Amino acid sequence: MSSKLSNFVLLKNAFANLVRGSFSALIAVILPPFLVRTLPTETFSVWVLILQLTAYVSYLDFGVQTAVGRFVAYHNDLGNFEERDRIVNTSFAILCGSGLLAILLMFTLVWQLPLIFRTIPNKLLTETKIALLLVGSSLAIGLPFSVFNGVFVGIQRYEIPAIITGAGKLTTAILIVIAAKMNGSLALMGAAIAGVNFISYIVQFLACQRFNQGIKYSYNLVSKNAAKEVFSYCFSLSIGYIGLLLVSGVDTTIIGIFNLRAVAYYSIAASIITLIVGLQSAIFSPILPVAAVMDARSDAKQLGKLLITSTRYGMFMLFVTGIPLILGAKPFLTLWAGQEYAENGAIILQCLVIANIIRLSFVPYVTLVIGTAQQHLVIVSPLLEGFSNLITSLALGSIMGATGVALGTIIGGIVGVTGHISYNMPRTKGIIFSRYTFIKDALLSPSISVIPILLILPAMSFINSSLISGILLITGSISVTLVLIWNFSLLDYERKFIISLAISTVKNVIKL
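Here's what I pulled together on the structure shown here. Being a predicted model, the structure only gives us computed values, none of them experimental. (Residues numbered from 1 in each chain as written. Predicted model: local features only at pLDDT ≥ 70, side-chain atom pairs only at ≥ 80, totals over all residues. Heavy atoms only, no water.)

Details of the nonpolar core
Part 1 of the reasoning: Formed by 122 residues in total, the largest nonpolar core has its most connected members in L35, F44, M189 and F438.
Part 2 of the reasoning: With 12 residues, helix α11 (residues 260–284) is the single largest residue contributor to this core.
Part 3 of the reasoning: Apart from residues no more than four positions distant in its own chain, M189 is found in contact with L35, L39, W47, I176, A179 and A180. (Core = buried A, V, L, I, M, F, W, Y, C linked by side-chain atoms within 4.5 Å. Buried < 20%, exposed > 50% of the residue type's maximum accessible area, 1.4 Å probe, protein only. Helix = DSSP H or I, 4+ residues; strand = E, 2+ residues; numbered from the N terminus. Contact = heavy atoms within 4.5 Å.)

Description of the environment of L246
Part 1 of the reasoning: Locating L246 in the fold gives a position in helix α9 (residues 224–249).
Part 2 of the reasoning: Each C-alpha atom of the pair L246 and N389 lies 6.9 Å from the other, and the pair is 143 residues apart in sequence.

Structural notes on the environment of L394
Part 1 of the reasoning: Structurally, L394 is set in helix α17 (residues 380–400).
Part 2 of the reasoning: Assessed through its relative accessible area of 42%, L394 is described here as partly exposed.
Part 3 of the reasoning: For the pair L394 and G404, spaced 10 residues apart in sequence, the C-alpha to C-alpha distance is 8.1 Å.

Considerations on unusual backbone geometry
Part 1 of the reasoning: Here the phi dihedral of F62 falls at roughly 60°; this positive angle occurs in a residue that is not glycine.
Part 2 of the reasoning: Following the sequence through the fold, F62 ends up in the loop between α2 (41–55) and α3 (64–78).
Part 3 of the reasoning: Positive phi outside glycine occurs at S298, with the angle close to 55°.
Part 4 of the reasoning: With respect to the secondary-structure elements, S298 resides in the loop between α12 (287–296) and α13 (300–327).

Some details on the packing of helix α7 (residues 159–182) against helix α8 (residues 186–211)
Part 1 of the reasoning: Two numbers describe how α7 lies on α8: the axes approach to 9 Å, and their chain directions differ by 165°. With respect to each other, α7 and α8 are oriented roughly antiparallel. Note that α7 runs across α8; the crossing there is right-handed. Along its contact with α7, which presents I160, I164, G168, T171, T172, L175, I176, A179, A180 and M182, the element α8 presents L188, M189, A192, I193, V196, S200, V203, Q204, A207 and F211.
Part 2 of the reasoning: Classifying every residue of the contact of α7 with α8 by side-chain character gives 15 nonpolar, five polar and no charged. (Axes fitted to C-alpha atoms, helices over the stretch in contact; angles between N-to-C directions. Parallel < 35°, antiparallel > 145°, perpendicular 65-115°, else oblique. Left-handed = near helix turned anticlockwise from the far one by under 90°. Nonpolar A, V, L, I, M, F, W, Y, C, P; charged D, E, K, R; others polar.)

Some details on the side chain of T41
Part 1 of the reasoning: Locating T41 in the fold gives a position in helix α2.
Part 2 of the reasoning: In this structure T41 touches R261, A264, E340 and Y341, once residues within four positions along its chain are discounted.

Regarding the pattern of salt bridges
Part 1 of the reasoning: One pass over the structure, following the stated rule, counts seven salt bridges.
Part 2 of the reasoning: One salt bridge connects R261 with E340, and the closest N-O pair in it is separated by 3.4 Å. With R261 in helix α11 and E340 in helix α15 (residues 339–360), this pair connects stretches of sequence that are 79 residues apart.
Part 3 of the reasoning: Assessed through its relative accessible area of 39%, R261 is described here as partly exposed.
Part 4 of the reasoning: Residue class for E340 comes out partly exposed when judged on its relative accessible area of 33%.
Part 5 of the reasoning: Connected through salt bridges with shared partners, the residues E82, E83 and R86 form a single ionic network. (Salt bridge = Lys/Arg side-chain N within 4 Å of Asp/Glu carboxyl O.)

This is the structure:
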C-alpha cells in the first residue's frame, strides 16, 4: 500500500470513528439533561446503575474483538487467508461461550440484587430486575456478533460499523426519551435498548456478509490451534480489561451501594468524561491495524515516530477538551443539568477530567503495543492502576463520598502512567524510540505550554474578579499559551504547514 493511500485510509477510518463518536457525544450531551429533568433523582440513579451493571457484560469480550481486527489485518497483509478464517470462526465460537456465561451471571445478579443494593427503593425493584435482564441479555447475545466489527477493523472499513452503531445509538436515544416521557418505566427503557441491540446485530451480520473480502464462515474452521493463538493474544488484554474495570467500572457501583442519590451526581460528571474517552479512542483506534501492518514489515523506526507524534497530538486534544471543563465546571453543569447537579458534581467533574487527561495520554502507546502483539508485556501497569484506584476510591470514598472516589481515580492514573514509563516501555520491542524524547516532546512540551491557562482558576481567586480583569487575565493566558505552543510544542514542518495554510486561506478570501 502506498504512503498516500495508507494516509488516506488512516484518515478515513479516523473520520469514520469520529462520526460514530459524534453520535455518542450528541446523545451523551442531550439525553442526560432530559432524563434528570424528567425522572426523579432516585429513578435516574437506578437507571444509571442498570447501565453500569449491564456494561460489565462487555468485559467478557476478553479483547477477542481487538484480536480479530489485528489478526485479520496481519494475515491479509501476508496473504495467509486460511489462517485468517480460522481465527475469525474460532473467535466467534469463543464469544458464544462468553455470551452464555454473561447470561448466567446476569440472572445471578438479578437474584441477589436486593441483598447487594439495599438502597434501591422497593417500588423500583421489580422494574430494575426486568430492565437488567433485558439489557444484560441483549448485550450477552451481542458478544459473538462483535467478531464482525473486528473483521471491519481488520479490513479497515471503519465506516460500516460507524454507520450501524451511530444509527443504533440515535434510535435508542429517541426510544428512551419516548419511554421516559410516557411513564418513566425502567422496564420500558430497558426494552428499547434490547430491541435496538438485536436489530443492530442482524445488520452487522448482513453487512459483514456483503463486505467481508472473502472470509468464510463455517464450524469446520474452528481450530484448537487458533483458539490457543487467540487466548495467548487476549490473555494480557484481559488483564488490561480488569484494570480498566477497576478504574472506570466500579466507581458508580461503589457509590450505589452506600448512597444511591450520589450516583446521579457522579454519573452526570462521568458522562462528560465518556465524551473525552470516546473522542480519544475514535481518533487513535485506527492506528491499530496500521501498526499491525508495520509490524509485519518490521518497520520499527516508523512505529517509533508514529508513537511520539500521535501521543503529542493526543495531549493537545486532551487539553483542548479538558481545560474548558476544569475552568468552567460549575457554570457548565448549571446550564447543562441544573443547579442541584452543579452544586454536587462540579468538583467531581474537575477531578475526573484531570484523572483522564493523565490516563488517556498513553492511549496511542497502548494501541501501538496491542497492534504489534506485545500486550503481554504490559500486564502489570493496568493492574497497578486498577487496584490503586479501587483501594484509594474505597478509602477516600468512605471519608469524602463521591468526591473521594473521583480523587482515587487521579491517584490510580498517576500510578498507571508511572508503570508505563518505568516498567512497560523498557520492555517494549519492535518500536524504536527514546523514552527521554517521548517524555520531553510528547508529554512535557504540550503540558508546559498550557500552564498559563491552567493558572487562570487560582489566579481569579486572588485578584479582583471584575469583568475587565477577568477578560484581561484570560486573554493574556491564552496569548502566552499560544506563543509557547508555537515555539516549543510544534515542529518546524508543522509551523511551515500552518503558515502555508494561513496564507492560502487569506488569498482565497481576498479572491472572494
